[in-house]
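Listed below, chain by chain, are the residues.
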Amino acid sequence: QVQLGESGGGLVQPGGSLRLSCAASGRTFSMYAMGWFRQAPGKEREFVAAISSSSSRTYYGDSVKGRFTIVRDNAENTVYLQMNSLKSEDTAVYYCAAARSFGRYSGSASNYDYWGQGTQVTVSS
């Protein structure tokens, strides 16, 4: 089993940057693909980014391509989401999640087995 905890959220101005972290418990972190999702008030949960267990592959949602970067450090049991050029529409609660596989379904929340509690990101002037 994997327990996940996000941090790094906060208030940032449009055009600014934030880096989210997701720390995982357990010795099997390196076996899991990791993903980030977000959910804004009144909207469905949206896929943001995913990374394979070995970091060899990444996958991004269309709305964040070229602005966000997902990386992981298996030695530290942590996955990061670097968010640049933030826009007001990026405002949401951001969740990290762990999955046993990486592939064509990595953009689907149903592919993930474990979830964190979320961290709020607010982009506003």
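Up top is the structure.
A quick note: this is a predicted structure, and the numbers were derived from the prediction, not measured.

Undergrad: Explain the pattern of salt bridges here, please?
TA: It is possible for side chains of opposite charge to pair when their charged atoms get near one another. This model, assessed by the stated rule, comprises five salt bridges. As a salt-bridge pair, aspartate 113 and arginine 100 come within 3.2 Å of each other at their nearest N and O atoms. On the criterion of sequence distance, the pair formed by aspartate 113 in the loop between strand E9 (92–99) and strand E10 (114–115) and arginine 100 in the loop between E9 and E10 is long-range, its members being 13 residues apart. Exposure remark for aspartate 113: the relative accessible area of 36% places this residue in the partly exposed category.

Undergrad: Explain the pairing of strand E3 (residues 18–24) here, please?
TA: For a regular strand, the rule is simple: side chains alternate between the two faces of the sheet. Burial within E3 is extensive, with five of its seven residues counted as buried. One ladder, built from four bridges, connects strand E1 (residues 4–7) with E3; its direction is antiparallel. Bridge pairing in E3 places serine 7 opposite serine 21. By the bridge criterion, six bridges tie E3 to strand E8 (residues 78–83) in an arrangement that is antiparallel. Pairing of leucine 18 across the sheet is with methionine 83, part of E8.

Cut-off values and rules
- Residues numbered from 1 in each chain as written.
- Predicted model: local features only at pLDDT ≥ 70, side-chain atom pairs only at ≥ 80, totals over all residues.
- Heavy atoms only, no water.
- Salt bridge = Lys/Arg side-chain N within 4 Å of Asp/Glu carboxyl O.
- Helix = DSSP H or I, 4+ residues; strand = E, 2+ residues; numbered from the N terminus.
- Buried < 20%, exposed > 50% of the residue type's maximum accessible area, 1.4 Å probe, protein only.
- Pairing = 2+ DSSP bridges.

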